[in-house]
Amino acid sequence: MSTFSIKASTALASAFRIQQLQKVLLPVTTSSTRNLRRRSTMAYQLEERGTPNTLDYRIYYKKDGVTVSPFHDIPWKFSTSPLIYNMVVEVPRWSNSKMEIATTEQLNPIKQDVKKGNLRYVANTYPYKGYIWNYGAIPQTWENPNHTDKNTGQTGDNDPIDVCEIGSRVCERGEIIQVKVLGVLAMIDEGETDWKIIAIDVNDPDAAKLNDISDIEAIKPGYLDDTRNWFRVYKVADGKPFNSFAFDGKFKNREFAEGIIAETNQFWNELIAGKVTSNLEITNTTCTDTPNKITAAAANDVVQSKPALSRSVPITDKKATAWFYLPRE
């Protein structure tokens, strides 16, 4: 068994674990709940169901005992002055499992992406190990596949907007953190616009020094170049072509990025109100006056219908541990 598999099995061997944030241990309320808390008063609990590293594994969110959707019920903004966003961490830095918000499932748990019936892993493409940032999404945003972006000439990818958090800490899967936006990269993925927001955890030691995309090179030289190259090559190991970018691959600044985020929030507002046709699941428990709002009891039934959490199984896909050499051009 690889070191990665051993660590994964050990970390999920029991039905819960306590995460220490800011040197405060929080009590566990149920056997399948992990508590996560930041300096904010927002506390979400993660309820894991199924068997980790298998097709049935899911992570559901609860707040004050009520199941919520990380897509629809967690606010996109943490504060407006200063402008701080909430981020759902789907994939911690250095990991390979392609975890994502399940946009087509009720209450949108986090699950591992599946391709051709198999769990999806991102290859370790030279010189990188898995994801090189904490990767996730901003809630209550939607890249509308029916909208052609005026900047890229392509439609949206039908997902919440992605975030690359560039701070120094390796986050936990499923964690909700607060981030300051610095800029954005416009990736074109198989004919779709796939915005990549660049942000930093507001509690990171470098957060005060980073206020726009132009600040990053001085603090983290080469990181933006590596970020662009990572997105360019990460699918080549799967036999797919290099990805391309709008704006000749240049990163856009904070103001531009925040405008894109605001636009995707407007698209989400239309989605959650049922004003657009979509294949996405818009069930929620907190969005008032929306057609798919359900009761706490009904939401609990959704979670309880899934298999109980069991011991993780080893990761056997060699892509998670092997190395794919691709020379840089």
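Please read all numbers here as calculations on a predicted model, not as lab measurements. Counting from 1, residues in each chain are numbered in the order their sequence is written. Note on the predicted model: pLDDT of at least 70 is required for a residue's local features to be given, and 80 or more for side-chain atom pairs to be given and counted; whole-chain, interface and lining totals, by contrast, use all residues. Based on all heavy atoms of the structure, the side-chain values leave hydrogens and waters out of the count.

Draft legend 1. Summary view of the overall build of the protein. In this description a helix means any DSSP run of H or I spanning at least four residues, a strand means any run of E spanning at least two, and both kinds are numbered starting from the N terminus. For the protein, the count of helices and strands is 5 helices and 18 strands. For this analysis, residues touch if any pair of their heavy atoms sits within 4.5 Å. Long-range pairs, those at least 24 residues apart, make up 67% of the contacts in the protein between residues at least 6 apart in sequence. Computed by Shrake-Rupley with a 1.4 Å probe, the accessible areas treat only the displayed protein chains as cover when residues are assessed. Accessible area of the protein: about 14300 Å², with a carbon and sulfur share of 51%.

Draft legend 2. Main features of the pattern of salt bridges. For this document, the term salt bridge refers to a Lys or Arg side-chain nitrogen within 4 Å of an Asp or Glu carboxyl oxygen. The final tally for this structure, using the stated rule, is 19 salt bridges. In this structure, the salt-bridge partner of E47 is K62, at a minimum N-O distance of 2.9 Å. Within this pair, whereas E47 is found in strand 2 (residues 43-49), its partner K62 is found in strand 3 (residues 58-63), the two being separated by 15 residues in sequence. For the residue pair E47 and K62, the accessibility class agrees, reading buried in each case. Any residue under 20% of the maximum accessible area for its type is buried, any over 50% is exposed, and the rest in between are partly exposed; the area is computed with a 1.4 Å probe on protein chains only.

Draft legend 3. Representation of the layout of surface pockets. Of the pockets and cavities examined, the largest pocket occupies roughly 650 Å³. Of the two site types, the cavity is a set of points on a 1 Å grid over the protein atoms alone where a 1.4 Å probe fits but cannot get out, and the pocket is an open set with protein on both sides within 12 Å along at least five of seven lines, each lined by residues with an atom within 4 Å of a point. Every residue lining the largest pocket is counted, 30 residues in all, and those nearest its centre are K98, E100, R120, D157 and D159. When residues of the lining of the largest pocket are assigned to their parent elements, the largest contribution, 3 residues, is made by strand 16 (residues 192-201). For the lining of the largest pocket, the per-class residue count stands at 9 nonpolar, 4 polar and 17 charged. Grid points are joined across faces, edges and corners, and a volume is the space filled by probe spheres set on the points. Ten residues, namely Ala, Val, Leu, Ile, Met, Phe, Trp, Tyr, Cys and Pro, are considered nonpolar, four, namely Asp, Glu, Lys and Arg, are considered charged, and the remaining ones, Gly among them, are considered polar.

Draft legend 4. Structural detail: the environment of I219. Note that I219 resides in helix 2 (residues 216-219). In this structure I219 comes out as partly exposed when scored by relative accessible area, which is 32%. Apart from residues lying up to four places away in sequence, I219 is in contact with D206, K209 and L210.

Draft legend 5. A look at the pairing of strand 3. Counting buried positions along strand 3 gives 5 out of 6 residues, so the element sits mostly inside the fold. Bridge analysis of strand 2 against strand 3 gives 5 bridges, and the strand direction is antiparallel. When the sheet's bridge partners are listed, L46 is paired in strand 3 with Y61. Bridge count for strand 3 against strand 4 (residues 66-68) is 3 bridges, and the pairing is antiparallel. Within strand 4, the residue paired with K62 across the bridge is T67. Any two strands with at least two DSSP bridges between them are considered paired.

Draft legend 6. Structural context of the packing of aromatic side chains. Here a pair means two rings of Phe, Tyr or Trp (six-membered ring of Trp) with centres within 6.5 Å. Their orientation is stacked below 30 degrees between planes, edge-to-face above 60, and tilted elsewhere. The full count for this structure, using the stated rule, is 16 aromatic pairs. Residues Y126 and W323 carry aromatic rings whose centres are separated by 5.6 Å and whose planes lie at 75 degrees to one another, so their mutual orientation is edge-to-face. Highlighted residues: Y126 in the loop between strand 11 (124-125) and strand 12 (134-137) and W323 in strand 18 (residues 323-324), separated in sequence by 197 residues. The exposed category is assigned to W323, whose relative accessible area is 57%. Seen from their ring centres, Y131 and Y135 are 5.2 Å apart, and the 35 degrees between their planes marks the pair as tilted. In this structure Y135 comes out as buried when scored by relative accessible area, which is 5%. When the ring centre of W94 is taken as reference, the NZ or CZ atom of R93 above it lies at 5.9 Å. In this structure, R232 packs its charged tip against the face of F242, placed 4.1 Å from the ring centre. In our convention, an over-ring charge means Lys NZ or Arg CZ found within 6 Å of a ring centre and within 35 degrees of that ring's normal.

Draft legend 7. Local environment of the side chain of N134. Summarising the element assignment, N134 is placed in strand 12. Here N134 is in contact with M87, V89, V91, P92, R93, V163, C164, E165, R169, V170 and C171, once residues within four sequence places are set aside.

Draft legend 8. Fine view of empty space enclosed by the protein. For the coordinates displayed, the defined rule picks out 3 cavities of 30 Å³ or more. Size it by volume and the largest cavity reaches roughly 90 Å³. Taken together, E143, N144, H147, D149, Q154, T155, G156, T193, W195, E263, T264 and F267 make up the full set of residues lining the largest cavity. Of all the secondary structure elements, the ones that give two or more residues to the lining of the largest cavity are strand 13 (155-156), strand 16 and helix 4 (254-272). Looking at the lining of the largest cavity residue by residue, the classes come out as 2 nonpolar, 7 polar and 3 charged.

Draft legend 9. Region of the structure containing the environment of A257. With respect to the secondary-structure elements, A257 resides in helix 4. With a relative accessible area of 0%, A257 lands in the buried category. Once the C-alpha coordinates of A257 and L185 are considered, the two residues, 72 residues apart in sequence, prove to be 8.6 Å apart. Residues within four places of A257 in sequence aside, it is in contact with V181, G183, V184 and I197.

Draft legend 10. Structural detail: the confidence of the model for the protein. Chain-level statistics for the protein give a pLDDT mean of 89 and a share of 87% at 70 or above. The predictor attaches a confidence to each residue, and that confidence, scored 0 to 100, is pLDDT. Low pLDDT (under 50) marks residues 1-41, which in the prediction has 89 contacts with non-local residues, meaning those over four places away or in another chain.

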